[in-house]
Structures are given as C-alpha cells and as structure tokens.
Amino acid sequence: MQLVDTHCHVDFHPFDDDREAVFERYSAAGGRWLVAVAVDLENAPRLFALAEEKANVYCSVGVHPNHEPRVEPTVPQLCELAAHPKCVAVGETGMDFFRHHVDREIQETRFRTHIRAAKRMGKPVIVHMREADADTMRILEVEGVEACGGIMHCFSSTWEIARQALGLGMSISFSGNVTFKRNETLREVAARIPEEALLIETDAPYLAPVPHRGKRNEPAFVCHVAECIAEVRGTTAEYIAELTCENARRRFGVTL
Ligand SMILES: [Zn+2]
Ligand SMILES: [Zn+2]
C-alpha cells in the first residue's frame, strides 16, 4: 500500500521524544512522503530544517487563522519563504470562528494575503475552515483561487460546500474525524467526491481516527482514513491509498 499524509504537524512538540519512530511507523504503513504544515512563521526555520533533513518530508509556509503573530505576514514575505525547494504549498490559512480569539477582519485580511502569495508562487493553498463556511467560500471566490487551486483540509462541511469548493478547483481532504461514529453525513460527502479531487490526511497530533481516537495521532494512522473512505465508496483501502497518493503528487507537484 502507498499512502500520503497531506497534512500533519510532525514538527510539533508531542513528537519530540520519538519523532524517528513515528517516521519509521509511517514508512512501515506504506507512507511515501508527507506534508508538514506550517501554522506560524516563527517556526519556519525549524520546519525547513526537518524538510531538508528528510527526503520524504515536504512543508508549507503560512500563519494559522487563530495564531497571534507579532506582525501580520505580507505577500512578499510569504513568497520569499515559499520559494524554498521543499515548500509545496501556502498555508494553513483560512477562517476559524470556533474559538474566536483572532478578530474576523484580521483573519480575512490574512487569508487574502495567503491566497495572493499562493497565486504568485503557483503553489496550492491549504485552507482551514471551521464554523466559517460562507466567509471562507466567499473569499476563495473573490480572490480567484482557481489560479493556484488548493486543498480544503480536514473537510467537515456539507456536500453543498464541497460542491462549491470543487467548482473553484479545490481538492477535498478528509482526516480522522470522517471515521467518528457520529459523522455519518460527512462519510456520505466523502462517498460523493470525484476521484481526482480526493485527498487524505491525519492533522496529527490532533484528531486520531478510530481505533486510536482520543490518543496522540500520527501519520501512520492515515491508513485508517483510507479504510473508512474505501468502505463508504465500496472499494478497497489499497485503491483509495493509490488514488490519493497520485492525487497528492499532482496537487503538490511532488514526484516521489
Ligand atoms: Zn487546520
Ligand atoms: Zn493543521
């Protein structure tokens, strides 16, 4: 089985004690390469160092909608960082009204800045959307995200929103929460995503899929997301793994 975890945070501190073992388990599970996604710029040197050290680690540059940086990122600054040879995307960015600690206008300006940088660099944008569907979709549309495309990461919304995102050239990525018992509606959405737009991720260390729910998540567990999606689509985990692996290569321009 060949797998790609398109969104995880392997640079985060919960992995400090056993990061090597985490990478080994990922490879043993069929993991080919992964995207270590940025949430701030302060940590960019550390993220780049990890990507430089490991052939199968790619990264992104960006500031999470709920992060509070000392200064707001600018388009030239994001572009300069995104020029790194192992940087395959801009983000994660987007809109998050769940926790509300960053003002909506600030989130919107920051999100627009990221999309502009992604378009300028010709790299996909990684979108985080939580309880902010209408605003997120409006901004993606007015900023013309079709020019660079991107990924709706940890997708947890309706088919109607998925359809709109697909219309803007976005891929739809599912994480561990698609395996949660109560998320029957989300599984129905996952069953309807066109093959070429489907991606899988872990968002590790968060949101561990069943049967690891409640524990620290890690990239190797992306196989459980593949299994769950295969079941609702009436196919095999191997098929979903290969398909999403190929989709990830195309989306991020990775040849590994
Ligand atoms: Zn996120
Ligand atoms: Zn994330």
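Values in this document were obtained by computation on a predicted structure and should not be read as measured data.

Report on the pairing of strand 4 (residues 87-96), specifying residues and quantitative values.
Counting buried residues in strand 4 gives 10 out of 10 residues, a clear majority hidden from the surface. For strand 3 (residues 57-61) and strand 4, the ladder comprises 3 bridges, and the chain directions are parallel. Pairing of S60 across the sheet is with A89, part of strand 4.

A description of the coordination of the zinc ion (ligand 2) should follow, citing residues and the corresponding values.
Coordination sphere of the zinc ion (ligand 2), protein contribution only: H7 (NE2), H9 (NE2), E92 (OE) and D203 (OD), at 2.1 to 2.4 Å. Between the 4 donor atoms coordinating the zinc ion (ligand 2), the angles at the centre fall across 87 to 176 degrees, so the site counts as irregular. Mapping the donors of the zinc ion (ligand 2) onto the primary sequence yields the spacing H-x1-H-x82-E-x110-D. Separating the zinc ion (ligand 2) and the zinc ion (ligand 1) is a distance of 3.5 Å, and E92 donates to both of them. The two residues H7 and H9 agree in class, both being buried.

How would you summarise the pairing of strand 5 (residues 125-130) if you had to cite specific residues and measurements?
Counting buried residues along strand 5, 5 of its 6 residues qualify, which places the element largely inside the surrounding structure. Looking at chain direction, strand 4 and strand 5 are connected through 5 bridges and run parallel. Across the sheet, residue D96 finds its bridge partner in strand 5, namely R130. Relative to strand 6 (residues 150-152), strand 5 runs parallel, the two being bridged by 3 bridges. Along strand 6, the bridge assignment pairs V127 with M152. Since strand 5 and strand 6 lie parallel, the crossover through helix 5 (residues 133-142) that links them has a hand, and here it is right-handed.

Summarise the environment of D103; cite the residues concerned and give the values.
Among the secondary structure elements, D103 is positioned in the loop between strand 4 and helix 4 (104-121). Its relative accessible area of 39% is what places D103 among the partly exposed residues. Spatially, the C-alpha atoms of D103 and N66 are 8.8 Å apart, while their sequence positions differ by 37 residues.

Tell me what's going on with the side chain of D40, and back it up with residues and numbers.
Inspection of the secondary structure assignment puts D40 in the loop between strand 2 (31-36) and helix 2 (44-53). In this structure D40 is buried but unpaired, with R46 as the nearest side chain of opposite charge at 8.6 Å. For D40, the side chain forms a polar contact with the main-chain nitrogen of E42, separated by 3.5 Å. In this structure the side chain of D40 is engaged in a polar contact, spanning 2.8 Å, whose partner is the backbone nitrogen of N43. In this view, D40 contacts G62, V63 and H67; residues no more than four positions away in its chain are not counted.

I'd like to hear about the nonpolar core, residue by residue, with values.
Inside soluble globular proteins, nonpolar side chains tend to come together where they are buried. If you look at the biggest cluster of nonpolar residues, it comprises 64 residues, and the most contacted ones within it are L140, M152, F155, F174 and I229. Beyond its immediate sequence surroundings of up to four residues, F174 is in contact with F155, L186, V189, A190, I193, L198, L199, I200, E201, V225 and I229. If you look at the next biggest cluster of nonpolar residues, it comprises 14 residues, including V4, Y58, L199 and F252.

Which residues make up unusual backbone geometry, and what are the values?
Among all residues except glycine, the phi angle is most often negative; among peptide bonds, the trans geometry is most common. Of note, the bond from G91 into E92 is cis; its omega dihedral lies within 30 degrees of zero at 15 degrees. Examined against the element boundaries, E92 turns out to sit in strand 4. Looking along the chain, the bond that leaves V210 and enters P211 is cis, with omega of 10 degrees. Among the structural elements, P211 can be located in the loop between strand 8 (198-200) and helix 8 (222-232).

Provide a residue-level description of the pattern of salt bridges, including the pertinent values.
Tallying each qualifying case throughout the model produces 16 salt bridges. The residue D16 makes a salt bridge to R46 at a minimum N-O spacing of 3.4 Å. With a gap of 30 residues between them, D16 in the loop between strand 1 (3-8) and helix 1 (19-28) and R46 in helix 2 connect regions that are remote in the sequence. For R46, a relative accessible area of 37% puts it in the partly exposed group. The structure contains a network of salt bridges with shared partners spanning E108, R112, R116, D135, R138 and E143.

What counts, and where the lines are drawn
- Residues numbered from 1 in each chain as written.
- Chains lettered and ligands numbered in written order.
- Predicted model: local features only at pLDDT ≥ 70, side-chain atom pairs only at ≥ 80, totals over all residues.
- Heavy atoms only, no water.
- Buried < 20%, exposed > 50% of the residue type's maximum accessible area, 1.4 Å probe, protein only.
- Helix = DSSP H or I, 4+ residues; strand = E, 2+ residues; numbered from the N terminus.
- Pairing = 2+ DSSP bridges.
- Donors = N, O, S within 2.8 Å, 3.2 Å for Na, K, Ca; no water.
- Tetrahedral: all angles 85-135°; square planar, octahedral: opposite > 155°, others 65-115°.
- Right-handed = clockwise from strand over helix to strand, strands pointing away.
- Lys, Arg positive; Asp, Glu negative; His and termini not counted.
- Salt bridge = Lys/Arg side-chain N within 4 Å of Asp/Glu carboxyl O.
- Polar contact = N/O pair within 3.5 Å; in protein donor to acceptor, adjacent residues only side chain to side chain.
- Contact = heavy atoms within 4.5 Å.
- Core = buried A, V, L, I, M, F, W, Y, C linked by side-chain atoms within 4.5 Å.

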